[in-house]
Amino acid sequence: MSSTQAIRERLREAGASFAANDNIAEYLLPGDIDVIQEVEQHVQAVLEALVIDTSRDHNTKATAKRVARMYVREVFAGRFEPAPEITGFPNASGLNELYTLGPIAVRSTCSHHLVPMTGRMWVGVMPGEKVIGISKLVRVANWIMSRPHIQEEAAVMLADELERRIQPKGLAVIVRAQHQCMIWRGVRGTDTIMITNIMRGQDIAQRIYGTDQGSTVTYLSTKTYGHEIGLSTTFRQWRALSHCRLLHGYSLSFRFEFEADTLDDKNWVVDFGGLKELKAILEHTFDHKTVVAADDPELEWFHEAARRGVADIVVLPAVGCEKFAEHVYGIASKWLLTERLAPRCRLASVEVKEHGANSAIYRGTSRAAGQRDL
């Protein structure tokens with residue numbers, strides 16, 4: 001029986017879970033961590049299945065060994081190493097104020113594709129009877145994140161671990177991360193960031209956001225249709241005194257922020273694969289369109305341009321990034337209802353970018369609407 005098979009049998013006999021994001025350190029015997037050689041053999045088999053000649057390719061000759069060591073000793077170390085020790089001290093001063101630590105680097109792995117998930121996180125603590133050094137928060141966060149995850153579960157797991165260890169009156173965990181499974185492959189959305197918020201305990205959300213979320217766990221997820229997809233739009237703000245009164249155009253970018261208190265059966269706030277119709281709505285309104293305000297005094301001129309076939313016009317109540325964001329927010333919110341995703345999933349905000357320097361955000365009336373960017 002191989003080393004890893006022996007470990008599996010031991011875990012099964014103990015009735016222990018060994019999912020990708022579980023820690024199995026308490027079930028390992030001395031020497032078990034030295035399974036690197038066995039992992040190396042399997043990685044080598046993958047390289048051979050990909051028809052890579054590692055015997056003569058100097059770049060991949062030692063790749064199997066490097067990858068095996070990386071997985072066991074570094075990026076998945078949180079599965080095999082015991083939890084870091086945390087020394088607590090009595091809250092002798094009776095501290096009752098929120099303190100936050102961040103940004104803490106997020107370095108984790110998508111459990112679906114085993115590619116990096118990186119970003120930043122913040123931890124907020126309202127102490128109970130015990131306080132700990134802030135460096136210990138970082139150690140626990142690194143230990144939790146150093147294993148394959150989906151972001152939603154990682155944030156909850158970290159909150160659970162901290163709550164168990166330090167028993168605070170209030171706790172917040174905020175994670176903002178990019179997923180290479182969406183950037184390097186798949187939809188290849190280079191600007192997409194997923195945000196996960198965990199709020200627990202004594203008026204913690206009120207202190208952070210100025211909103212009353214109580215102890216509700218709120219998940220945030222973002223979807224971006226970036227400049228690269230080519231939503232080329234021409235418009236003018238006819239009331240402007242500057243050159244903005246003239247026709248000008250941009251490849252607009254749209255960023256949607258969705259929120260939910262509970263996840264769907266796939267552990268998602270919203271299924272990004274199901275947003276094709278939302279993208280089609282954007283294309284219908286903004287892709288190679290000339291968007292005109294309904295009260296533009298030159299509206300008839302634009303209609304004539306459309307009749308002559310030199311412009312494809314869309315008439316909206318008002319134009320500009322702010323009004324585009326408001327318009328799209330209204331359409332997208334109705335779409336969520338139509339698709340029966342609401343009320344579980346809500347649209348928190350829509351951001352429209354002209355380019356890297358100029359953008360506008362429309363926030364709805366949902367609880368996340370009061371959130372400030374961290």
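Each chain carries its own residue numbering, running from 1 in the written order of its sequence. Local features in this predicted model are restricted to residues of pLDDT 70 or higher, and side-chain atom pairs are both shown and tallied only at a pLDDT of 80 or more, whereas totals for entire chains, interfaces and linings draw on every residue. For side-chain calculations, the full set of non-hydrogen atoms in the structure is used, while hydrogens and water are omitted.

Caption draft 1: How the structure looks around the overall build of the chain. Note on conventions: DSSP H or I runs of at least 4 residues are helices, E runs of at least 2 residues are strands, and numbering of each starts at the N terminus. Each helix and strand counted, the chain has eleven helices and 14 strands in total. Along the three orthogonal principal directions, the C-alpha set of the chain runs to about 80 × 65 × 35 Å. Pairs at least 24 apart in sequence give 67% of the contacts found in the chain among residues at least 6 apart. Reported accessibility uses the Shrake-Rupley method at a 1.4 Å probe radius. Residues are deemed covered only where the shown protein chains occlude them. Here the chain displays about 19400 Å² of accessible surface, and carbon together with sulfur accounts for 52% of that area. Counted charges follow a simple rule, with Lys and Arg positive, Asp and Glu negative, and His plus the chain ends left uncounted. Here the site of a charge means NZ on Lys, CZ on Arg, CG on Asp, or CD on Glu. Computed over 44 positive and 46 negative side-chain charges, the inter-centroid distance for the chain is 2 Å. Contacts are assigned to residue pairs with any non-hydrogen atoms lying within 4.5 Å of each other.

Caption draft 2: Representation of the packing of aromatic side chains. Paired rings are identified among Phe, Tyr and Trp, the last through its six-membered ring, by centres lying within 6.5 Å, and are further divided according to the angle between planes into stacked (under 30 degrees), edge-to-face (over 60) and tilted (the rest). In the structure shown here, the tally under the stated rule is nine aromatic pairs. Within the aromatic cluster, the residues linked to one another by ring pairs are Phe235, Tyr250, Phe254, Phe286 and Phe324. Two conditions define a charge sitting above a ring: the NZ of Lys or the CZ of Arg must be within 6 Å of the ring centre, and it must be within 35 degrees of the ring normal. Above the plane of the ring of Trp143 lies Arg147, whose end atom (NZ or CZ) is 4.6 Å from the centre. Here the basic side chain of Lys223 rests over the ring of Tyr225, its NZ or CZ set 5.3 Å away from the ring centre.

Caption draft 3: Just the layout of surface pockets, in detail. Cavity means a closed set of points on a 1 Å grid over the protein atoms alone, one where a 1.4 Å probe fits but cannot get out, pocket means an open set with protein on both sides within 12 Å along at least 5 of 7 lines, and lining means a residue has an atom within 4 Å of a point. Grid points are joined across faces, edges and corners, and a volume is the space filled by probe spheres set on the points. Counted as a void, the largest pocket has a volume near 770 Å³. When contributions to the lining of the largest pocket are tallied by element, the ones reaching two or more residues are helix H1 (3–13), helix H2 (36–49), helix H3 (63–75) and helix H4 (77–80). Of the voids in this model, the second largest pocket is the one considered here, and its volume is about 490 Å³. Along the wall of the second largest pocket there are 26 residues; nearest its centre are His112, Cys181, Met182, Trp268 and Phe272. Ranked by residues supplied to the lining of the second largest pocket, first place goes to helix H7 (residues 180–183) with three residues. Residues were grouped as follows: Ala, Val, Leu, Ile, Met, Phe, Trp, Tyr, Cys and Pro as nonpolar; Asp, Glu, Lys and Arg as charged; and all remaining residues, including Gly, as polar. Here the residues of the lining of the second largest pocket sort into twelve nonpolar, ten polar and four charged.

Caption draft 4: Structural view of the pattern of salt bridges. The salt bridge criterion pairs a side-chain nitrogen of Lys or Arg with a carboxyl oxygen of Asp or Glu, the two atoms within 4 Å. Under the criterion given, the structure shown has 18 salt bridges. Residues Arg200 and Glu163 are paired through a salt bridge, measuring 2.9 Å at the closest nitrogen-oxygen approach. Of this pair, Arg200 sits in strand E7 (residues 194–201) while Glu163 sits in helix H6 (residues 151–166); the two residues are 37 residues apart in sequence, bridging distant segments of the chain. Each residue is assigned to one of three classes by its accessible area relative to the maximum for its type, calculated with a 1.4 Å probe on protein chains only: buried under 20%, partly exposed between the two thresholds, exposed over 50%. When its relative accessible area of 13% is taken as the criterion, Arg200 is described as buried. Among the ionic pairs, Arg346 bridges to Glu259, the shortest N-O distance being 2.9 Å. Here Arg346 is found in strand E13 (residues 345–353), whereas its partner Glu259 is found in strand E10 (residues 248–260), with 87 residues between them in sequence. One connected set of salt bridges, linked through shared partners, spans Glu300, Glu304, Arg307 and Arg308.

Caption draft 5: Examining the pairing of strand E3 (residues 116–126) more closely. Strand pairing is defined by DSSP finding a minimum of two bridges between the two strands. Note that strand E2 (residues 99–110) and E3 share nine bridges and pair antiparallel. In the strand pairing of E3, Thr109 is matched with Pro116. With antiparallel pairing between neighbouring strands as the criterion, E2 and E3 make up a hairpin whose turn holds five residues, including Leu114 at a positive phi of roughly 55 degrees. The pairing of E3 with strand E6 (residues 170–179) spans ten bridges and is antiparallel.

Caption draft 6: Structural context of the packing of H2 against H3. Lines fitted to C-alpha atoms define the axes here, with helix axes fitted over just the stretch in contact, and angles between the N-to-C directions of these axes take values from 0 to 180 degrees. Contact geometry for H2 and H3: axes closest at 8 Å, N-to-C directions at 130 degrees. Taken together, the axes of H2 and H3 are oblique relative to one another. In this structure, H2 crosses over H3, and the sense of that crossing is right-handed. Here H2 contributes Ile36, Val39, Glu40, Val43, Gln44 and Leu47 to the contact with H3, which in turn contributes Thr63, Ala64, Lys65, Val67, Ala68, Arg69, Val72 and Arg73. Residues that form the contact of H2 with H3 fall into these classes: eight nonpolar, two polar and four charged. Roughly parallel covers angles under 35 degrees, roughly antiparallel covers those over 145, roughly perpendicular covers 65 to 115, and oblique covers all other angles. What makes a crossing left-handed is the near helix being turned counterclockwise from the far one by less than a right angle; a clockwise turn instead makes it right-handed.

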